Amino acid sequence: MMAETIAEDIRRLEEQERLLRFSRFSPDDAWALGNRVRETALAIGAGVAIDISLRDRALFHCALPGTSTDNVEWIRRKRNTVLRLWHSSYLVGRRLALSGREQIEAHNLAHADYAVHGGGFPLFVADLGCVGAVTVSGVPQRIDHAIVTDAIAGFLNVDLGDNRLTD
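Residues numbered from 1 in each chain as written. Predicted model: local features only at pLDDT ≥ 70, side-chain atom pairs only at ≥ 80, totals over all residues. Heavy atoms only, no water.

1. Quick word on the nonpolar core
Across soluble globular proteins, nonpolar side chains show a tendency to be buried alongside one another. In this structure, Phe25, Leu33, Val37, Val48, Ile52, Val134 and Ile152 are the most contacted members of the largest nonpolar core, which totals 27 residues. When residues of this core are traced back to their parent elements, those giving at least two are helix H2 (27-43), strand S1 (49-54), strand S2 (58-63), strand S3 (120-125), strand S4 (129-137) and helix H6 (141-156). Core analysis: the second largest hydrophobic core is formed by six residues, Ile6, Leu13, Tyr90 and Leu91 among them. (Core = buried A, V, L, I, M, F, W, Y, C linked by side-chain atoms within 4.5 Å. Buried < 20%, exposed > 50% of the residue type's maximum accessible area, 1.4 Å probe, protein only. Helix = DSSP H or I, 4+ residues; strand = E, 2+ residues; numbered from the N terminus.)

Put into C-alpha cells, the structure is as follows:
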C-alpha cells in the first residue's frame, strides 16, 4: 500500500475516533450496541466474534457461525492494544505501517498479548476517556474495523461521511 493511501487511512481513522464518542455507556447500551454490531456483521455475511468490554469485565460477547476459539484470542489481543494506547487497533497498525516500525519497538507490545490489526475500537465516554473497547475478529482486518465503526456510528446516529473506510 502506498504511503499516501496509508496516510489517508490514518486521517479517516483519527476522524472516526473524534466523532464516535459516547456521552454515557451502560450495560444496556452494551447489549444494544452488541446486537447492532451482530446485525451489521450478519448483513454482510461476516462470521465474526464480537466483544464489548470495560477495562474490568465483559458486557457483551457473541460468536457467529464460522468463528473459532482463535477469534477469541485475536479479540483479547486487539482489545489489549486499545486499552493500552486508547486508539483503535487498526489506527495503531496503520501508523506503524507508515513509520516502518514494529509494535514491540514502537510501543513495547508483545505479540503474545497485543495485536495491531483492525477490529478493536475504543469506547470513549465524555469526561472519562477510554473506558473499554468494542472488538470484532473473523474477517479481513479492514472489514472487522468497518463493522465496528459502522455499528457505532449507527448507534450514535453519527454520519461518518467520507470518513468511512472503503476498499
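2. A closer look at the packing of helix H1 (residues 3-19) against helix H4 (residues 89-99)
A packed helix pair is summarised by two numbers, namely the angle formed by the two axes and the spacing between the axes. Packing of H1 against H4 brings their axes to within 9 Å, and their N-to-C directions diverge by 150°. With respect to each other, H1 and H4 are oriented roughly antiparallel. Two packed elements cross with a definite hand, and for H1 against H4 that hand is left-handed. From H1, Ala3, Ile6, Ala7, Asp9, Ile10, Leu13, Glu14 and Glu17 reach across to H4, where they touch Tyr90, Leu91, Arg94, Arg95, Ala97 and Leu98. Residue composition of the contact of H1 with H4, by class: nine nonpolar, no polar and five charged. (Axes fitted to C-alpha atoms, helices over the stretch in contact; angles between N-to-C directions. Parallel < 35°, antiparallel > 145°, perpendicular 65-115°, else oblique. Left-handed = near helix turned anticlockwise from the far one by under 90°. Contact = heavy atoms within 4.5 Å. Nonpolar A, V, L, I, M, F, W, Y, C, P; charged D, E, K, R; others polar.)

3. Here's the deal with the packing of H2 against H6
At a minimum axis distance of 9 Å, the contact between H2 and H6 shows a crossing angle of 125°. In terms of orientation, H2 and H6 fall into the oblique class. The hand of the H2/H6 crossing is right-handed. Residues Asp29, Ala32, Leu33, Arg36, Val37, Thr40 and Ala41 of H2 pack against Ile147, Asp150, Ala151, Ile152, Gly154 and Phe155 of H6. Among the residues forming the contact of H2 with H6, the class breakdown is eight nonpolar, two polar and three charged.

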